[in-house]
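# Structural characterization, general
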Amino acid sequence: MVDPCEDDNAKMTSQEALCTLDKKTPRCSTLKMFIMSLSFACFSKALSGTYMKSSITQIERRFDLSSYLIGLIDGGFEMGNLLFLAVVSHFGAKLHRPRLIGSGCFLMALGSAITGLPHFFMGRYKYDTVIQGSLNESVSIVACKDPITQDNYTDILQESSVNFSTGVDCVREPGSNMWIYVLLGNAIRGIGETPVTPLGISYVDDFAKAENSAFYIACLQTITLLGPMFGFLLGSMCAKLYVDIGFVNIDSVTITPRDARWVGAWWLGFLVASVIMLVAGIPFWFFPRSLPKQDEEHRDNPSFHLTNQEQVPHPATPAMKLADIAKGFFPSLKKLLSTPTYFLLLCGSVLNFSSIIGLITFKAKYMEQQFGQSASRANFLIGVLNLPVIAVGIFLGGLLMKRYKLSVVSGAQLSFLASFSAYLLTLLEFGTKCDNMRMAGLTVAYNGTPHVSYDTLSLFSLCNQNCSCSGVDWDPVCSDDGISFMSPCLAGCSSSSGHGKDTVFHNCSCVLSPSPVEGSTSVSLGQCPRGPECSRSFTSYMAVSVLSSFISSLGTTPAYMVIIRCVSPELKALALGIQALVIRTLGGIPAPMYFGALIDTTCLKWGMKKCGGRGACRMYDSDKYRIIFLGLISCLSGSSYFFIFAVIILLRKQFRKDAVKALQQSGGLGQVELHPPKQHLDEGSGHCAPVRQSTRLEERI
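Presented here is an overview of the structure given in this document. Model, not experiment: these values are computed from the prediction.

### Observations regarding the packing of aromatic side chains
- By the definition in use, this model includes 30 aromatic pairs.
- With centroids separated by 6.3 Å and ring planes inclined at 70°, the aromatic side chains of tryptophan 266 and phenylalanine 270 adopt a geometry described as edge-to-face. In this pair, tryptophan 266 and phenylalanine 270 are both assigned in helix α12 (residues 266–280), four residues apart and thus about one turn of the helix distant. Side by side, tryptophan 266 and phenylalanine 270 carry an identical accessibility label, which is buried.
- Their ring planes at 40° and their centres at 6.1 Å tell us that tyrosine 446 and phenylalanine 485 sit as a pair that is tilted. Taken as a pair, tyrosine 446 in the loop between α18 (408–426) and β1 (477–479) and phenylalanine 485 in strand β2 (residues 484–485) lie far apart in primary sequence, 39 residues in all.
- Ring pairing ties together the aromatic residues Tyr366, Phe371, Phe538, Tyr541, Tyr594, Phe595, Tyr620, Tyr625 and Phe629, which thus form one cluster.
- The cationic tip of arginine 614 hangs over the ring face of tryptophan 606; the distance from NZ or CZ to the ring centre is 3.8 Å.

So, in structure tokens, the structure goes:
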């Protein structure tokens, strides 16, 4: 087989060969090699980022944090990102872009490693339970003890003593504030991510043919979406593994992955992601600052390489000082923000990005609380169902742009139609729900009547008033009638049999009906499973979620191309950087926090820390959770469409104006057809000009 590089070199003149040798880069492969390297880097950063999302529940439980603080930690990535994003986007476009991308990959590797390191400086994870998991023989446990004879049960935390314990006996757990290092590592990872997307996309767009750019970017985004898929799968695998795996006997662990106290090996995935990011950054140190412009029409021109290198934005030369570059920053920013289409798209992007960030951050948690799924299964389903169809949709969107050579107006219309159709479809998710888990004292009364209560006193009843139970312990048990109790003591159990995970409590005074098998009022460890109706609702929810994800993703690439085609070529990197800066500042940072704060308002039972203070939530009001979570997403997404609709109207007016002007300049409307060479920016108006016009103007509008 003949190497295409050798075939091209054989046709070169001596001048062409000299130019190529001076650049020391084969023109036919370097751009594609860069795209491959950039794709792997984007894959790696997406894997690391989505693994963080998939580990939200594990980190929340391990560090005993509220959803608000988890949102703050998740927003740390955006905080680090925005500190350098605008500067890197502006100065990086004039410096050595590939090496800046390589440096960013190394920083991301460092950040991921720091995020996972707190595990090695913390003690073993301990959870509240009355079960001695290490026992090899059955020992009867008297959960319900008379307060007069109680002696060994005095170490059970009482709510009053927990809240006000400040004595010497209260020793803080090791690593209680180690979550700060998770925040720090996430921020460093955000700093490292800064140059990858804006500089990588602008590098590809600068040196690729205009008609190939959309296809290349679509391929890049499609491969990038494999990162989230593998990130969620990695999160699923790690969530199945106990947090202290390798350090404790797993047989002694009495909780399961479906338990609200379960913590998976969250730290393991961050170390894996760190190694992958380190490898991804190596190739960028071997790419040149610039490449020959990819243009088949001029390949036979002996001066092809020289002329094209003059036409593309060239990086800084020794004569170009940083001070000279800095002088042009604010004028460039002013020119960029004065473009109406770009500014309106920016406003719509902030609202849409906020809803997406909130959805991605808490989607797995929503599936756990609403449908009773484990964190491992929720992450697995997101990784194998939602993300692959999103990747296919993005790829097909780019293919449509290339196949039909859609104009900016057509691209904006396609993006709006796809996104709005998916939005209407997601409204069906409000109807896919499960009833609250039946927990005595929280969602049902002790007589079995449905009743949601946030009052701690509702946990106690006549059936357990003589048991001296704690109102803060979370050690749930399930009765045969489908009602769960927060602890064996609150169920009024006076004896037990078995050991470890197989422990069964007997003679429980609060159980309404005796077991048909044993004939006694017994409960077993763990919460009661959801019914078959909930499984059918979950299937419907996933079907709607997958279909809406696919439809929405069809408009991703057209929307992306509208942004980079509606600004001057020298402003492309800055436009992408400012967009990322604004949406992350106004959307990426606050969205997880206010989503988390609103989710916290739906908590029915909070855990308690050893020395007082509120810990992680153990159980939510699933009905209220659904309305707040889905309602907030719908409001943010719905508001963004007002701006996108305004962009389409503005583009159509400008398109019509520029098309008529072009027809008049060419000799009037009687011309058969016009073929302007390329879509360009009207420098005077700051709007996008059309790619092409035909004899019937109304057909193109």
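Next comes the rest of the description.
### Re the state of the cysteines
- A full pass over the atoms with the stated rule returns six disulfides.
- A sulfur-sulfur separation of 1.9 Å characterises the disulfide bridge that pairs cysteine 434 with cysteine 534. Between cysteine 434 and cysteine 534, the S-S dihedral sits near 100°, and the bridge is therefore right-handed. Highlighted residues: cysteine 434 in the loop between α18 and β1 and cysteine 534 in helix α19 (residues 532–553), separated in sequence by 100 residues.
- A residue is classified by how much of its surface remains accessible, and cysteine 434, at 4% relative accessible area, is buried.
- The class of cysteine 534 is buried, set by a relative accessible area of 7%.
- In this model, cysteine 463 is linked to cysteine 510 through a disulfide, with the two sulfur atoms separated by 1.9 Å. Between cysteine 463 and cysteine 510, the S-S torsion sits near 100°, and that sign places the bridge as right-handed. In this pair, cysteine 463 sits in the loop between α18 and β1 while cysteine 510 sits in the loop between β4 (504–506) and β5 (523–525), placing the two residues 47 residues apart along the sequence.

### Remarks on empty space enclosed by the protein
- Applying the stated rule across the entire model yields six cavities of 30 Å³ or more.
- The computed volume of the second largest cavity comes to approximately 70 Å³.
- Around the second largest cavity, the lining residues are Thr57, Glu60, Arg61, Ala260, Lys365, Glu368, Gln369, Ala616, Cys617, Arg618 and Tyr620.
- Only α4 (56–62), α16 (340–371) and β7 (614–620) provide two or more residues apiece to the lining of the second largest cavity.
- Looking at the lining of the second largest cavity, the element that brings in the most residues is β7, giving four residues.
- The residue makeup of the lining of the second largest cavity, split by class, is four nonpolar, two polar and five charged.
- Both of domain 1 (28–128 + 172–292) and domain 2 (330–434 + 532–664) provide at least three residues apiece to the lining of the second largest cavity.

About the thresholds
- Residues numbered from 1 in each chain as written.
- Predicted model: local features only at pLDDT ≥ 70, side-chain atom pairs only at ≥ 80, totals over all residues.
- Heavy atoms only, no water.
- Phe/Tyr/Trp six-rings, centres within 6.5 Å; stacked < 30°, edge-to-face > 60°.
- Helix = DSSP H or I, 4+ residues; strand = E, 2+ residues; numbered from the N terminus.
- Buried < 20%, exposed > 50% of the residue type's maximum accessible area, 1.4 Å probe, protein only.
- Lys NZ or Arg CZ within 6 Å of the ring centre and 35° of its normal.
- Disulfide = S-S within 2.5 Å.
- 1 Å grid on protein atoms, 1.4 Å probe; cavity = no way out; pocket = protein on both sides within 12 Å on 5 of 7 lines; lining within 4 Å.
- Points joined across faces, edges and corners; volume = space filled by probe spheres on them.
- Nonpolar A, V, L, I, M, F, W, Y, C, P; charged D, E, K, R; others polar.
- Domains from an automatic or database assignment.

Distances and angles like these do not, on their own, reveal function.
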